[in-house]
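Below are the chains, spelled out letter by letter.
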Amino acid sequence: MAEKASKKEKTPRQPMPEQAAEARRRNFDEVPLGYSAETAITEAQRCLQCKKPSCVTGCPVSVDIPAFVELVSEGKFSEAIRKIWEKNSLPAVCGRVCPQEIQCEGECVLGKKGEPVAIGNLERFVADYERTQGSGEVPRTAEATGKKVAVIGSGPSGLTVASDLLLKGHEVTLFEAFHKTGGVLVYGIPEFRLPKDIVASEIAFMEKMGLKIECNAVVGKTVSLDELFEDGYDAAYIGVGAGLPKFLNIPGENLINIYSANEYLTRANLMKGYLFPEYDTPIAKGKNVVVLGAGNVAMDSARTAMRLGADKVRIVYRRSREEMPARAAEIHHAEEEGIEMYLLTNPTKFIGDEKGRVTSMECIQMELGEPDESGRRRPVPIEGSEFVMDCDLAVVAVGADANPVLTQSDPEITLNKWGYIVADEETGKTTKPGVWAGGDIVTGQATVILAMGAGRAAADSIHKHLTWGW
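**Q** Would you take a moment to explain the overall build of the protein for this structure?
**A** A tally of regular secondary structure across the protein gives 18 helices and 16 strands. In summary, the protein has a C-alpha radius of gyration of 23 Å against a globular reference of 23 Å for 470 residues, a match within 12%. Viewed in the frame of its principal axes, the protein has a C-alpha envelope of about 65 × 65 × 50 Å. Buried residues in the protein amount to 53% of all 470 residues.

Spelled out as structure tokens, the structure:
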């Protein structure tokens, strides 16, 4: 056994082939190119098949990782995807955008001494294999219960709730405010990280399971929660996300060509602004772009600006590299593509021309002091270090607040001081009877897989309520 483990440890982690940086920085094609079947099998055979698999503990939706990886190692790809589907209805998405390095792969025993098993790459492989070469067979659903559930918001938490409840035999209708489903998966994450066809395929799969969809439906405006219950729905789940833009509130922020990341990425992604004039949704294209913030949204914005033809793109962040919240892979890809990092730098005002267009940004240099409430060292201005940075387009990517459209329309739903829904941590139950909530509208901005975990817990609770009245 020890000899077998040693052999597996000596097999190197199989790298994911990628587009060359010089080519991809000017196109919107997906960056990682995926594993071949042979590479996937080789990588899967590195798994130690631990008796107490900590990788499963690190997965917010508790996928049976050793089981699906072992099936891949045996070349049983169709069986592998079905094993994943038992817990995760969006494997092609999660394989691409989940922060595996701090979740499942972060707990992998092989990672203690060397490189962990590439769980995310394997998940992506089997999902893509099923989509392109699989049977198209959908999981069998339980006998119809006659119960109806309204799921409001078609992002990752809403899609997870919908899928789980369909499998349990309930009738589910998805209400989406935009003209297309997918939530943040389609309006927030760029094509080069998560192709829209992938998301559409995952949702089409759910439609084959019986999912009903109503787009352009703004619950809280076009219809209320109470009206949904009057129409015969037995339960409702709110997964409307955190889509209210945050700004810096500094002088000059209303100048032309200063965008919130929400608008900039929505216009580029969901509205296909990057394909103008093929799609009639033009987007501002700067030559000298600054992006404020250092999370995944900031990296997405910066890399989008580069692909739209910018000569220079800079990330401006008031803390140091160690505090950057973006995934290491996204920072690495951005730097490979020529995006510059201005760290320990804080904008203090925007400067414009006589036509009201932004031309530059005044900044001050920072140093790190004592930790603040987030646990990160607080940035402190360095007196006399002000300087001016030229820019003709700025994207503010410093987070987002709770979407208020639905939550403020129903007084029975209790909100916290930040405007997020107060919901039970274990079940997702809100203070309004028959209503559950989860994802970013409860936690604030977080990851796709954490939103899915909340959806899974809520679906279990909704099922118990509908079945046994719990």
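Past the structure itself, the notes keep going.
**Q** What exactly am I supposed to notice about the packing of helix α13 (residues 261-268) against helix α14 (residues 296-307) here?
**A** In a pair of packed helices, the angle between the axes and the distance between the axes together describe the arrangement. Orientation of α13 relative to α14, taken along the N-to-C sense of each, is 50°, at an axis distance of 10 Å. Classified by the angle between their axes, α13 and α14 sit oblique to one another. When you trace α13 past α14, the crossing you get is left-handed. Across the interface between the two elements, Ala-261, Tyr-264, Leu-265 and Ala-268 from α13 touch Val-297, Asp-300, Ser-301, Thr-304 and Ala-305 from α14. Of the residues in the contact of α13 with α14, the class split is six nonpolar, two polar and one charged.

**Q** I would appreciate a short explanation of the state of the cysteines in the present structure.
**A** Each disulfide is one covalent bond, formed between the sulfur atoms of two cysteines. All chains considered together, the criterion is met by zero disulfides. The closest cysteine sulfur to the non-disulfide-bonded Cys-59 is located on Cys-104, 6.3 Å from its own sulfur. Residue classification places Cys-59 among the buried residues on the basis of a relative accessible area of 12%. Cysteine Cys-391 is unpaired, with the sulfur of Cys-363 as its nearest cysteine sulfur at 8.3 Å.

**Q** Help me out: how do you make sense of the sheet that holds strand β7 (residues 288-292) in this one?
**A** The strands making up a sheet associate through backbone hydrogen bonding, with each pair oriented either parallel or antiparallel. If you trace the five strands from one edge of the open sheet to the other, you get β6-β14-β7-β8-β9, paired in parallel fashion. With one partner strand each, in any of the chains shown, β6 (258-260) and β9 (340-342) form the two edges of the open sheet. Ignoring strand direction, the axes of neighbouring strands in this sheet form an average angle of 25°. In this sheet, strand β14 (residues 393-396) lies alongside β6 in parallel orientation, the contact comprising three bridges. When the sheet's bridge partners are listed, Tyr-259 is paired in β14 with Val-395. On the sheet, α13 packs against β6 and β14 and is oriented at approximately 85° with respect to β6. Running at roughly 170° to strand β8 (residues 312-316), α14 makes contact with β7, β8, β9 and β14 of the sheet.

**Q** Looking at this structure, how should I read unusual backbone geometry?
**A** If a residue is not glycine, its phi is most likely negative; likewise, a peptide bond is most likely trans. A cis amide bond links Phe-276 with the next residue in sequence, Pro-277, at an omega value of 5°. Within the fold, Pro-277 resides in the loop between α13 and β7. For Asn-249, which is not glycine, the phi torsion reads 60° and is therefore positive. In this structure, Asn-249 sits in the loop between β5 (244-245) and β6. Classification of Asn-249 by relative accessible area gives exposed; the value is 70%. Even without a glycine there, the phi angle at Lys-272 is positive, about 55°. When you line up the elements, Lys-272 lands in the loop between α13 and β7. Assessed through its relative accessible area of 14%, Lys-272 is described here as buried.

**Q** Explanation requested: the pattern of salt bridges in the structure shown.
**A** A side chain of one charge can pair with a side chain of the opposite charge when the charged atoms of the two come close. Within this structure, the stated rule accounts for 31 salt bridges. With a shortest N-O distance of 2.9 Å, Asp-128 and Arg-96 are connected by a salt bridge. One end of the pair, Asp-128, is in helix α8 (residues 119-133); the other, Arg-96, is in helix α7 (residues 91-97), with 32 residues separating them in the sequence. In this structure, the salt-bridge partner of Glu-335 is Arg-321, at a minimum N-O distance of 2.7 Å. Residue Glu-335 is found in helix α15 (residues 328-336), and its partner Arg-321 is found in the loop between β8 and α15; the two are separated by 14 residues along the sequence.

**Q** How do you make sense of the packing of helix α9 (residues 156-167) against helix α18 (residues 448-468) when you look at a structure like this?
**A** The interhelical angle for the contact between α9 and α18, taken along N-to-C directions, is 35°, at an axis separation of 7 Å. For the crossing formed where α9 meets α18, the hand is right-handed. Contacts between α9 and α18 involve Pro-156, Ser-157, Thr-160, Val-161, Asp-164 and Leu-165 on the former and, on the latter, Val-448, Ala-451, Met-452, Gly-455, Arg-456, Ala-458, Ala-459, Ile-462 and His-463. Looking at the contact of α9 with α18, its residues break down into nine nonpolar, four polar and two charged.

**Q** What's the story with the environment of Glu-373 in this structure? I'm lost.
**A** Within the fold, Glu-373 resides in the loop between β11 (358-371) and β12 (377-381). Residue class for Glu-373 comes out exposed when judged on its relative accessible area of 75%. The spacing of Glu-373 and Lys-168 is 205 residues in sequence and 42 Å in space, taken between C-alpha atoms.

**Q** Explain the pairing of β14 here, please?
**A** On a regular strand, each side chain points to the face opposite its neighbour's, so the side chains alternate between the two faces of the sheet. Neither face of β14 is exposed, since Leu-393 and Val-395 on one face and Ala-394 and Val-396 on the opposite face are all buried. Direction of pairing for β7 relative to β14: parallel, over a ladder of four bridges. Within the sheet, the bridge partner assigned to Val-291 lies in β14 and is Val-395.

**Q** Even after reading the chapter, I still don't get the sheet that holds strand β4 (residues 235-238), so can you show me in this structure?
**A** The strand order across the open sheet formed by five strands is β3-β2-β1-β4-β16, and the pairing between neighbours is parallel. If you trace the sheet from one side to the other, it starts and ends with β3 (212-214) and β16 (435-437), each paired once. On average, each strand axis in the sheet is inclined to that of its neighbour by 20°, with strand direction left out of account. As judged from the five bridges shared by strand β1 (residues 148-152) and strand β2 (residues 171-175), these two strands associate in the parallel manner. Within β2, the residue paired with Ile-152 across the bridge is Phe-175. Each of β1, β4 and β16 is contacted by α18, which is oriented at about 170° to β4, the strand it contacts most.

Cut-off values and rules
Residues numbered from 1 in each chain as written. Predicted model: local features only at pLDDT ≥ 70, side-chain atom pairs only at ≥ 80, totals over all residues. Heavy atoms only, no water. Helix = DSSP H or I, 4+ residues; strand = E, 2+ residues; numbered from the N terminus. Rg over C-alpha atoms; globule rule 2.2 N^0.38 Å. Buried < 20%, exposed > 50% of the residue type's maximum accessible area, 1.4 Å probe, protein only. Axes fitted to C-alpha atoms, helices over the stretch in contact; angles between N-to-C directions. Parallel < 35°, antiparallel > 145°, perpendicular 65-115°, else oblique. Left-handed = near helix turned anticlockwise from the far one by under 90°. Contact = heavy atoms within 4.5 Å. Nonpolar A, V, L, I, M, F, W, Y, C, P; charged D, E, K, R; others polar. Disulfide = S-S within 2.5 Å. Pairing = 2+ DSSP bridges. Salt bridge = Lys/Arg side-chain N within 4 Å of Asp/Glu carboxyl O.

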